[in-house]
Structures are given as structure tokens and as C-alpha cells.
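# Observations on the three-dimensional arrangement
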Amino acid sequence: MMFSRRVISCFVFLLFLYTFNCALFQSNVKYSNVNFDYSAISKNYFSPSQSKPFPLTVQRGNNLYSSTTKDGRYLFYATDQKGNFDVWFRDLQSSIVVPITDNSFSETKPAISPDGKYLVFVSEEFDSEGDLVLLPMDTEEWIKEYLKGNRFISDEFVNLTNQPNRKGEYQKGIIDTDPVWSPDGKTIYFVSDRFTPGIPNLCSIQLNQLKVINQLTTLGVTSPYVSSDGQFIYFVSYFEEKKGEIYQLQVATKSIQRMTNDQFLDFSPTVDSRTKNLYYASIRKDTNGNGRLDERDNSLLVKKNLATGEERVLSSGETSNFDVRYSNFNGGSILFSASYFNAINIYFIPENGSIPKQPNIKEQFQYSKILAPGQSIESYFLALDSVELFYSEDPLYPVYEAQVALLKFSTLNRVGKIEDAKNFLKSFKKKVELESNQFAITLLKWNEANLNGKTFNVENELKLGKGSSFSLDGEAVLYHLFADQLEKEKKFFPAKEILLKIYQSYPNYHQIDEIKRRLGGYEFDPKQNQLSSFYEEMISSWEKEKQVFLNDPNHQFSNDRKRDLRFLLEDVIFKITDGKNSELVLEYVNASLEAKETNQNPVFKQTLLFIKAKALSELRRFNESNQVLDSIIPIPIQIDLEPSGKTSVFETRSFMADYKNPILLRSNLLKYYNQKIVGNTSDALRNLKIYLEFYDPLLGVDLGSEDIKSAFFYFENKAVEFERIGDLLQSSFHYFFNNQNMFLVKTRNLYLDSLYKEYAIYYQRKMVDTIFSYGKKIREEEERALLNQINILSKDKLNLIGNLASITSIVTDRELVRSIVNIKDFENIEVLSGKALGWTELYYKQAVPRARPYLDLATLYGYSYYLINKYVTFESYYYATGTMTDVRKAEILENFKRAELELRWIIYADPTHYDAYQLLGWLYQYVDLMKLQKDPVSGNVDLHLLAVHFFEKFVLLLV
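Keep in mind the model is a prediction, meaning the values are calculated, not measured.

Reading the values: rules and limits
Residue positions within a chain follow its written sequence, with the count starting from 1. For a predicted model such as this one, the threshold for reporting local features is a pLDDT of at least 70, and the threshold for listing and counting side-chain atom pairs is 80 or more; totals across whole chains, interfaces and linings nevertheless cover every residue. The side-chain numbers reported here are obtained from all heavy atoms of the structure, hydrogens and water having been left aside. Secondary structure elements follow DSSP: runs of H or I of four or more residues count as helices, runs of E of two or more count as strands, with numbering from the N terminus. Buried means the residue's accessible area, taken with a 1.4 Å probe over protein chains only, is under 20% of the maximum for its type, while exposed means over 50%, and partly exposed covers the values in between. Two residues form a contact once any of their heavy atoms are found within 4.5 Å. Exposure was quantified through the Shrake-Rupley algorithm and a 1.4 Å probe, taking into account, for residues, occlusion by the shown protein chains and nothing else. A pair of strands counts as paired when DSSP detects no fewer than two bridges linking them. Salt bridges are identified by distance alone: a Lys or Arg side-chain nitrogen within 4 Å of an Asp or Glu carboxyl oxygen. Here, nonpolar core means buried Ala, Val, Leu, Ile, Met, Phe, Trp, Tyr and Cys residues that are tied together by side-chain atoms lying within 4.5 Å of each other. For Phe, Tyr and Trp, rings pair up if their centres lie within 6.5 Å, where Trp contributes its six-membered ring, and each pair is then called stacked (planes under 30 degrees apart), edge-to-face (over 60) or tilted (otherwise). The axes are straight lines fitted to the C-alpha atoms, using for helices just the contacting stretch, and the angles between their N-to-C directions are given from 0 to 180°. An angle below 35 degrees is read as roughly parallel, one above 145 as roughly antiparallel, one from 65 to 115 as roughly perpendicular, and any other as oblique. By convention the crossing between two helices is left-handed if the near helix lies anticlockwise of the far one by an angle smaller than a right angle, and right-handed if it lies clockwise. For this scheme, ten residues count as nonpolar: Ala, Val, Leu, Ile, Met, Phe, Trp, Tyr, Cys and Pro. Four count as charged, namely Asp, Glu, Lys and Arg, and the remainder, Gly too, count as polar. Any pair of N or O atoms that falls within 3.5 Å is considered a polar contact. Within protein, one atom must be able to donate a hydrogen and the other to accept it, and sequence-neighbouring residues count only if both atoms are side-chain atoms.

This part covers the overall build of the chain. Of regular secondary structure, the chain possesses 29 helices and 24 strands. Here the chain holds 959 residues, and the buried ones make up 55% of them. Once local pairs closer than 6 in sequence are excluded, the contacts in the chain between residues at least 24 apart make up 58%. Of the accessible surface of the chain, which amounts to about 42800 Å², a share of 49% is contributed by carbon and sulfur atoms.

Structure below.
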């Protein structure tokens, strides 16, 4: 209940944010967009575990009927946040939202022309059933005027479908709705019952013949959508089925073709820019449990190939999706309205769905098959379905299709859906038998035997089925799975024999490298001072891949090579250390390092040195351990990791290539532990940073949640200790360290539900608070030096998370000061020390741009918090010392505007970001209070700080 109240509060803030004119929109304030790069955001946001689409509007109430310009830049929609529907638009490259209409009657269903010059929408001004109204549009001009405080600047409305008669009277009771444009912008198609009373049908009107309306259908139409080539119009009709089906009208011939034929509720059809795929919403399950399918049930987003008729489900069905529209936004997206957070808003997913495509079918399967904690079954199945979505034509698809099916079957059983599991498996079995998928048939027999506790001999089954036709690699995969089972049962010798059989009989098997690696594990004997031939071959393959990566800046390092090296080295480390104490490990490693064979393989030598360093560390010989680690780590201690104006170590391709070796990650992590124990804070941080910057989950070198939490707490405790002894600069530096590492935690998707969620905002605040305390301390020392004749002290401060406190300088009485010293002398004193703020500003200059693509909202929040703290302090000081000027006022307002834009960016990225709403509300409240500031000389209110007049009124709505 508390969460719901907070979310509702957020949307009320948004109403207040967009509806009323405030000082931050005045023309004398310089404005610059805070841009959205949705391509980068999409890449990092959408994943198998992310079940929610991404928001394009974040307003309270109902936000519906999306329409975008051809380039996908501007989004037009209808919103009822003020009670009745009005039309608004948003610049999708920023968070600017501009109202187009503001009337007491309803205005909905906007459709922008292909050239973006005309908007048509449905108005109920003259007929409650709706008329089509045309409005000339210049989006850039509207934005410019809106930012000046001018709204509703055009009344050039043209009623297209309800012209008044000679008496000025309008027709009543005629439905005119659902407008869509032809691609050439000459024709508007819409739905009307003017020719068939009570039955809306498809009609058209041309801009050069507004008095002529043509009827195109007679059987009933709703929700039309025109293909990008203008040849077809897709719509929903109920003339054959009460639940409605989707049809296609060929414009030239008027012929109609049925596109769906099912017992579901299908609606909101749209097609992509190539007229290749049909997208629509479909209600297929009785999610509200009332015994029937109806509009109150959740719906799915469905993609249907128009050539083959194949369907793919693109959403998990956890909510209702409607008003589906294809858009060229973000390179091709599906826009729709959905209900989240107690409001209906417009969201998007990429046109191929929310699961990103991987380089090949094996990677797609690996990427999709892991059920993440908290992930719903629907989202998990949607991720598994991406194998079919992207690779249904791949020759290897039959072997992965069957493995996906068994994963679904086992998952349904595990969550207690026994009947669903049985029905699913029965249906799949029927399908593969019809397709003669011999691999799947054999795998299902094996699964059935396991369920019944019977033994299944894979080798015999394959011999019996010798005449059968297996799909590509089908037999090899069965043997592979058989070897997995034998190893699980600890039958290692027969497992090795099966792997050897695969290696010899199927040399082109698509997972042959894994077979080689596992055979290498069986052959590797730690008593011999060299690797097995298979391991040597695998390391050689990794080295070749590294060389390709170095030579080609566009080459992505192979995931297979990374995994192979990881598992190989894990096996080597385990076998060398298993059953030995640290002293024995040292003896073994020292002897091995003397062997000639060891020095012939650099990776093996690095591994042995790491094992040695770890043993020394366990014996608490930390300095010796660090010396060994320094011989492994390729980045010299004296090198600056991120030199100003130069390429950072982390962007240097040679280091990027080196760190595809998990031994190097392990080495930096071990050195971090060593240095933390001996109290070398700076070097501990350096090694933790290197680890986090080069972290790759495929390398399998992970810090546990508690381990990394202790690392953050370590630097936090250091910060508190420095603050206690008065070294505020060092204290702030330590919070800065935590903020840098928190960004890395975010970008690597580590512990987002624990560490990042709980501490990221907190560390940003602490860093800013501490550096401002330091800056204020230096300023006060300068003031005391100037005013050593008087003894006026102040301990006031700004509490951004509580009430607005009185913020004053040491100098509280200008008249008193003027009698002692020239007030102009204060202009030579920095409001806050440049020494204090300089590095903080440099940090945000670098951190803010890189935070956006990863949705590191804590950093953006910290920047806003910093700007507000800084310019509230500046403003208070200028007024207190009488040194405020028009130039300074403009600078203050410009930076308040920047903070506002950053906070709005955060809200658009996360409509539930309570901290951003709270800080934004505080900013408006502060400006509102400061408008009451009177000039001490003239006694007049400073109108330069005109604020949001209705803030307190809308705060009451939160109760």
C-alpha cells in the first residue's frame, strides 16, 4: 500500500511538472536538451530477466493512442491526466513534453502526417461521437514557444468531417474516429458510420478534396493501420467472429483477406516498415479468472510473418498491452500502451522483442536458458522462445528446439503445473513425430525413461536407429549429453570414452572445442610439469583469437575461447591444489617453475605464479605475494589508469585482450585482498577498480555479494574516519571511490537488487555533502581572515531531504559588514573553494555521459544533487553579502534548469525513482520560496525568481 501511494505521488509530481509555467522555463534562461540515446539504453536494458518494456511517457492517468513522425523523433498521444483527454507530444530525444490542446471536451487519437506538418485527431467539441480535426504542426517551433512560456499558440483547426451548415449548425451522432495517413500524406483513412448508421466502416478523405468522403468497406471496421507502401490497410472486424479477427484490405482492388483465424481476442494490428511482419495484441488466457476471455484479461504482443503465417509471442503476458503501433523509432520498435505503477503509459520494445539476438544459436541458447532469481516463468519461456525467434532456420535448430522443450517441461513440473507439463510434452511429441525429428524423438524417449526410473542406453538406441535420419549434429549432441550424465554419476572412465568417440567420429561437431577441453582435463596430470596436448591446443586457440582481436578493432572476442580458457584453468588450479596445504603447494609450484616445459607456455606459467601468490597470501606473506602478482599483472603500478586527455588503460586494446584471461582478474582480486589487509588503501582500490573494469561473467571470477559489500563498507568506514579527524577532502575521496565502483557494479549487472539499489544514491549524497562541507570550511576561513574584527558564526545548512532550512553565510548583516569593510572585498572570496569543487566537477563531466547508456541513475541523481547544493549555496551567499548580479542570477537559473532536466531524465528512465521525484519537488519548493526574496535596498520582490505558483496546492493532493 505504501509503495502504491508513493507511485501515485510520483505521477502527481509529473502533472505539476508539465502543467504549470515556472521560472525554469523563462526565455532568459539558456536551454539545452539532455538527450536520450535509446539505442544504447536498449542494448543495456532489455534482457531475459527484464520483463517490463521501456517507458516513453511517465504521466498519471491514461496515456494512449501513440503516433510518431516518420523518423521516430516525435511521439504524439492523448492523455487524460487533467480529467478529460487532450493531445500532447514528446520529443523523444529529450524529456520535453508539449501540450497541444487544452479544452473541456475530449480530444484523442492523434495521427501525425508522414512529413510531420499536419496533425489529425478526434475532437468531441461539436459532436460527442467525434469529428476529425486537422491542425498544421511545426514541432520545433511549438517546443521553442513552449519553453518561452507560450502555450496553445495555434488555433488553426480545420474540422475535416463535420463542416457547419449555413446556419452554423453541426451534424450530431455520426462516428468519425481512428484516423491514419497514407504514406504520401495526401489521404486520411478513418472509421465512420456516416454511410452505414450504427456500423462503423473504413472511409477516406483527401486533403485536396475535403468535401468528398469515400466509403471503402461495408462489413464493419475498427483500428485501421496503413502499410508503409500504402498498398494495404489492416483492421479488425467482427462480421465473421464475435471476438473479432484481423483483416487485410488491398487498397487498389478493395479485396479483403482474413489474417487471423483463432478463438482469441485479437486487436490493434500494425505492420513493420517492410510489410513483412504483422504485429497485434491478443488475449489468449483467462487471467482474471471469470471463466471467459474479455478485455479485462492480460494480453500478449504477437508477431506474425505475413509470408509464412508463423507466429511469435513477444511479451510475457504479465499485463495488458493495447494500442499497438509500429514505429521507426530506435531503428524499428513496437509501441503500445500498458498498465504499470497505477497508470497507463506508452512503452516500447525492439521490433524483434525484448530478448537481444546473440551471435549464433548456441550463444542464444546459453544466454536464454538461465532462470534468473525473481524472473517469472512467462519471462523465462519468452527468453527460451528467442532461440526459435532468431534461429528457426538454422540447421542446428532441431537439436536446440528439443532441449528448449525439455527445459520448459521440467520448469512447469518444478512449479507444480503438472498437467500443463504433460499437455505441453504431449503436444511437442506429436509435432516432432510429424516432422520426423529423430533427435527430438530419441531425447523424449530418454526423458520418459528417466521419469519412470528406467535405464536408457543411448549407444544402443543410436545403433538401433542407424537407418534413421538425424538432423545436423543430432547424434553428437546425444553422445555429448550422455557424457554429461556419466560425469554427473561420477562414471569418469566411460565418460572419457564417450568424449573420445565424439572427438574421433564427429570432428566437425559445433561444440568440438568443449569436447577437446574435457578430454584435456582427463589427460592432464599435475605430477607432470606440462599440460596435456588438448590443453596446449586450447590455449593456442585462445592466443590466436587474442591476436585477431588485437589486429581487428571491430572483432568481438569469442565467448567460446573465453569459456574454454576459464574451465581449463579452473581444472588446472583445482588439480594442483587439491589435497595440499599452502606449504606443499609452494613446493610443487616452485619445482614446476624450474621445469623447462613450463616456460614454453606463458599462460601455464602465469597460472602457476598465481597459485604461488595465493599460497603466500594464505601464509600471510603478503608482500611476497604482491611481488609475485606484480610479475603477472600487465599494468605497471606507476601507470595512471585514467590519464587526463589520454586513452584510459581500460580502453587500451592490448590490456583489453590480456584481460580475456581469467588469471589476470584473479590476480588483481588477490592483490586487492592483500593490500586491504596490510592497510594500503590506494593500491587496494586500484586493483579492485581494474578487476571491476575488466570484469566479464564468462570468465567466472566473481566477488561474492558479501565480499564486495565489505569492500564498499571498508572505504565508507575510511571516509567516516577521515571526517572524524577533520580531513574532509580525503573523506570525500573515499566516497568518490565507492561511487566509481558502484558504476562498475551497475554496468556489469552485479548485485543490482542489493548493493546498487541500497547504496548507490547514498554514496552520491555523501560524496557531495562532504565536499561541500570542505568547500564551506575553506570559505569560512577566508571570511574570518577578512572579518577578524567581528565574531559572527553560523552553523546553518541545507537539508535537501527534509525541510528548507535558512541558509546563510557567516555574513548575516550586510549593514554591519558595510560599516567594517568594503562589501566588494567579498567578491574576491570563492563561495565554495575551487580546490574542493574542481575534481568533483571533473568527475561528473566524465561520469554523467557514460552513466546514461547503462541507466546508472544514481550518478545522474548525484549530479543533480551537486548542482542544486552548489547553486543554492551560491545564491544564499550572494544575497547575504549583497553581491548578487544579473549575470549570477542567470547562471544560477541555468544550472537549476540543468538539474531539473537531469531529474526528468531519470524519471523517464524509471517512473518509480522516488528519490528523483523528491529532489525535483524540493527544487521547485525552493524556487517557490525564493520568489518571495526581497531586495534589501529596494524592498521589492525579486521577480527574477518567479516559481511554480501552484506547488503547495498540489502537495495537498498527495495526502
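All right, on to the sheet that holds strand 9 (residues 158–159) then. Here we have four strands laid out as an open sheet, ordered 6-7-8-9, and antiparallel in their pairing. Two strands bound the open sheet, and with one partner strand each, they are strand 6 (107–112) and strand 9. As paired strands, strand 8 (residues 131–136) and strand 9 are joined by two bridges and run antiparallel to one another. Looking at strand 9, one finds that Leu134 is bridged to Val158.

Where burial is concerned, most of strand 16 (residues 245–250) is hidden: five out of the six residues are buried. Inspection of the sheet shows strand 15 (residues 232–237) paired to strand 16 by six bridges, in the antiparallel sense. Residue pairing for strand 16: Phe232 is matched across the bridge by Gln250. In this structure, strand 16 lies alongside strand 17 (residues 256–258), joined through three bridges in antiparallel fashion. Bridge assignment links Gln248 to a residue of strand 17, and that residue is Gln257. The hairpin turn running from strand 16 into strand 17, its antiparallel successor, is five residues long, and Lys254 in that turn takes a positive phi close to 65°.

Let us now look at unusual backbone geometry. The general pattern is negative phi for most residues beyond glycine and trans for most peptide bonds. Its identity is not glycine, yet Asp178 carries a phi of approximately 55°, on the positive side. A positive phi is found at Asn342, a non-glycine position, where the angle reads about 65°. Judged by its relative accessible area of 52%, Asn342 is exposed.

Moving on: the pattern of salt bridges. Taken as a whole, this structure holds 46 salt bridges when the rule is applied. Residues Lys109 and Asp178 are paired through a salt bridge, measuring 2.6 Å at the closest nitrogen-oxygen approach. Residue Lys109 is located in strand 6, and its partner Asp178 is located in strand 10 (residues 176–181); the two are separated by 69 residues in the primary sequence. Note that Arg518 and Glu487 form a salt bridge whose closest N and O atoms lie 3.0 Å from each other. Linking Arg518 in helix 12 (residues 512–523) with Glu487 in helix 10 (residues 474–488), this pair joins segments that are 31 residues apart in sequence. A relative accessible area of 11% places Arg518 in the buried class. Taking relative accessible area as the criterion, Glu487 reaches 23% and is therefore assigned partly exposed. Each of Glu240, Glu241, Glu245 and Arg258 takes part in salt bridges that share partners, so that together they form one network.

This part takes up the nonpolar core. Ranked by size, the top nonpolar core spans 225 residues in total, and within it Phe54, Ile635, Tyr691, Phe694 and Trp905 carry the most contacts. A per-element tally of this core places helix 26 (residues 857–881) first, with 15 residues. Of all hydrophobic cores here, the second largest spans 17 residues; its members include Val87, Ile96, Met137 and Trp142.

Our next topic: the pairing of strand 23 (residues 333–340). Most of strand 23 sits inside the fold, with seven of its eight residues counted as buried. As paired elements, strand 22 (residues 321–327) and strand 23 share five bridges and run antiparallel to each other. Paired with Arg325 across the bridge in strand 23 is Leu335. What sits between the antiparallel neighbours strand 22 and strand 23 is a turn of five residues, in which Asn330 has the positive phi angle 60°. Relative to strand 24 (residues 343–350), strand 23 runs antiparallel, the two sharing eight bridges. Note that in strand 24 the partner of Ser337 across the bridge is Ile346. Taken together, strand 23 and the strand that follows it, strand 24, pair antiparallel across an intervening segment of two residues, in which Phe341 is found at a positive phi of about 55°.

Turning our eyes to something else, we now look at the packing of aromatic side chains. Two aromatic rings are characterised by how far apart their centres lie and by the angle between their planes. Summed over the entire model, instances satisfying the criterion amount to 55 aromatic pairs. With a centroid separation of 6.0 Å and an interplanar angle of 55°, the aromatic rings of Phe736 and Phe737 are classed as tilted. When sorted by exposure, Phe736 lands in the same class as Phe737, which is buried. A connected cluster of aromatic rings, assembled from ring pairs, spans Tyr714, Phe715, Phe733, Phe736, Phe737, Phe772, Trp839, Tyr843, Tyr844, Tyr863 and Tyr866.

What follows concerns the packing of helix 10 against helix 12. Closest axis-to-axis distance for the helix 10/helix 12 pair is 12 Å, and the angle between their directions is 30°. Classified by the interaxial angle, the pair formed by helix 10 and helix 12 is roughly parallel. The element helix 10 and its partner helix 12 pack so that their crossing is left-handed. For the pair helix 10 and helix 12, the contacting residues are His480, Ala483, Asp484 and Glu487 in the first and Glu514, Ile515, Arg518 and Tyr522 in the second. Across the contact of helix 10 with helix 12, the residue classes tally to three nonpolar, one polar and four charged.

Here we take up the environment of Asn162. Locating Asn162 in the fold gives a position in the loop between strand 9 and strand 10. The spacing of Asn162 and Ile174 is twelve residues in sequence and 9.0 Å in space, taken between C-alpha atoms. With sequence-adjacent residues up to four places away left out, Asn162 is seen in contact with Phe126, Asp127, Asp131, Tyr170 and Gln171. A polar side-chain atom of Asn162 sits 3.0 Å from the main-chain carbonyl oxygen of Gln171.

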